[in-house]
Amino acid sequence: MTDTDPKIDTTSTPKEEDSSAATTATVTIPSSNPSQYAHLVQPEWLTPKQVGDAIPNVTILTRVRNDSTESENPFDWKPLRTTKDLFPPDKRVVVVSLPGAFTPTCSTSHLPGYEQAYEEMTQQYGIDEVYCMAVNDPFVMRQWGLHVGLTEDKTPGAVGFFTKVKLIPDGGAHFTRAMGLSNVWDCFGERSWRYSMVVNQGVIEQLFIEPGRQHNPTTDPFHVSDAQTMLDYLKTASATVHKKQKLEEVEAEEKAE
């Protein structure tokens, strides 16, 4: 297998749809500056998942370190099944998805914000992993992380390239399309609209999608998918859980008397 020609089935696994779910509706994305690529986007790629939905079950390709090879590029291809490898039923994961590696907002604010908040999210608020996803290939994602200054994880077989926020390449846009958040720009082609979410036991617990979504936008909204908004949510969710636990303890004590 060559570095540029991975052979793998990247089709989605069908899941049963709830006929009453709002996510079955078709969404039309406007465009103030029509993109030459907009006609390539299928309607089902435009309907965002919602809180309570199961995470899409697709396969994406990444690269993992293999120190047994003497190659100048000591990495092997590795397929990741989202429901098994990235969002297993025993994990609570934060995801931030953005339009592209090396782009200004993504590089100066979006990814660095989550890197800085990593310890707080994982040590105080019950988060097991933090992923940053983009419709870029794994070669670009790794180089971007190095450029931004992330600490590389050199453990053989480690997923995500880095020790804190893991960079996950959605090079074929399979996950982005299944999330219903595919978007097109003339300068990029197909990419992900900017969003963040919490996935708890394979189910979307919370989802923050940037407003003003349209094809080939002339602005880059960055208001609700930032790290601070995510931290505020996690703090509130944690306080709610603790309050519920206290009430349950009080009720248990009253019943025991």
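Provided above is the structure to which this section pertains.
Quick notes on the rules
Residues numbered from 1 in each chain as written. Predicted model: local features only at pLDDT ≥ 70, side-chain atom pairs only at ≥ 80, totals over all residues. Heavy atoms only, no water. Buried < 20%, exposed > 50% of the residue type's maximum accessible area, 1.4 Å probe, protein only. Helix = DSSP H or I, 4+ residues; strand = E, 2+ residues; numbered from the N terminus. Arc of directions from axis to C-beta. Contact = heavy atoms within 4.5 Å. Polar contact = N/O pair within 3.5 Å; in protein donor to acceptor, adjacent residues only side chain to side chain. Salt bridge = Lys/Arg side-chain N within 4 Å of Asp/Glu carboxyl O. Pairing = 2+ DSSP bridges. Axes fitted to C-alpha atoms, helices over the stretch in contact; angles between N-to-C directions. Core = buried A, V, L, I, M, F, W, Y, C linked by side-chain atoms within 4.5 Å.

Q: Sorry if this is basic, but what is going on with helix 3 (residues 138-148) here?
A: At 3.6 residues per turn, the α-helix brings residues three or four places apart onto the same side. Taken together, the buried positions of helix 3 are P138, M141, R142, W144 and G145. Projected down its long axis, helix 3 carries its buried residues within an arc of 160 degrees, all on one side. Where helix 3 is buried, its residues contact strand 1 (59-65), strand 2 (75-81), helix 2 (104-124), strand 4 (129-134) and strand 5 (166-169). Put simply, D137 is the residue that caps the front of helix 3, since its side-chain oxygen is 2.9 Å from the backbone nitrogen of F139. Of the residues flanking the end of helix 3, it is G149, one or two places downstream, whose phi is positive at about 105 degrees.

Q: Even after reading the chapter, I still don't get the pattern of salt bridges, so can you show me in this structure?
A: Side chains carrying opposite charge are able to pair once their charged atoms draw close together. In total, this model carries nine salt bridges according to the counting rule given. Notably, a salt bridge pairs R142 with E152, separated by 2.7 Å at the nearest N-O pair. Residue R142 is located in helix 3, and its partner E152 is located in the loop between helix 3 and strand 5; the two are separated by ten residues in the primary sequence. The pair formed by R142 and E152 is uniform in burial state, with each residue classed as buried. In this structure, the salt-bridge partner of R177 is E190, at a minimum N-O distance of 2.7 Å. Linking R177 in helix 4 (residues 174-178) with E190 in strand 7 (residues 189-192), this pair joins segments that are 13 residues apart in sequence. By sharing partners, the salt bridges in this structure join R65, D67, R142 and E152 into a single network.

Q: Got a minute to help me understand the sheet that holds strand 8 (residues 195-200) in this structure?
A: Picture the strands of a sheet paired through backbone hydrogen bonds; they go either parallel or antiparallel. Taken in spatial order, the five strands line up as 5-4-3-8-9 in an open sheet, and their pairing is mixed. Unpaired on one side and paired on the other, strand 5 and strand 9 (203-209) mark the two borders of the sheet. Taking each pair of neighbouring strands and ignoring which way they run, the sheet shows an average axis angle of 25 degrees. One ladder, built from six bridges, connects strand 8 with strand 9; its direction is antiparallel. When the sheet's bridge partners are listed, M197 is paired in strand 9 with L207. Here helix 2 sits on the sheet and contacts strand 3 (92-97), strand 4, strand 5 and strand 8; the angle it forms with strand 4, its principal contact strand, is near 165 degrees. Here helix 3 sits on the sheet and contacts strand 4 and strand 5; the angle it forms with strand 5, its principal contact strand, is near 155 degrees.

Q: I tried to follow the nonpolar core on my own but got confused; where do I start?
A: Formed by 31 residues in total, the largest nonpolar core has its most connected members in V94, Y114, M121, W144, L167, M230 and L234. Looking at this core, the elements with two or more residues in it are strand 3, helix 2, strand 4, helix 3 and helix 5 (227-256). If near-sequence neighbours (up to four positions away) are discounted, Y114 is found in contact with V94, V96, M121, V130, V165, S196, S225, D226, A227 and M230. By size, the runner-up hydrophobic cluster in this structure holds 21 residues, among which are I168, Y195, I204 and L207.

Q: Sorry, what's going on with the environment of N183 here?
A: Secondary-structure assignment places N183 in strand 6 (residues 182-185). Residue N183 is classed as buried on the basis of its relative accessible area, which comes to 0%. Between the C-alpha atom of N183 and that of L46, which follows or precedes it by 137 residues, the distance is 7.7 Å. Looking at N183, its side chain comes within polar contact range of the side chain of R213, at 3.2 Å.

Keep in mind these numbers describe shape, not what the thing actually does.
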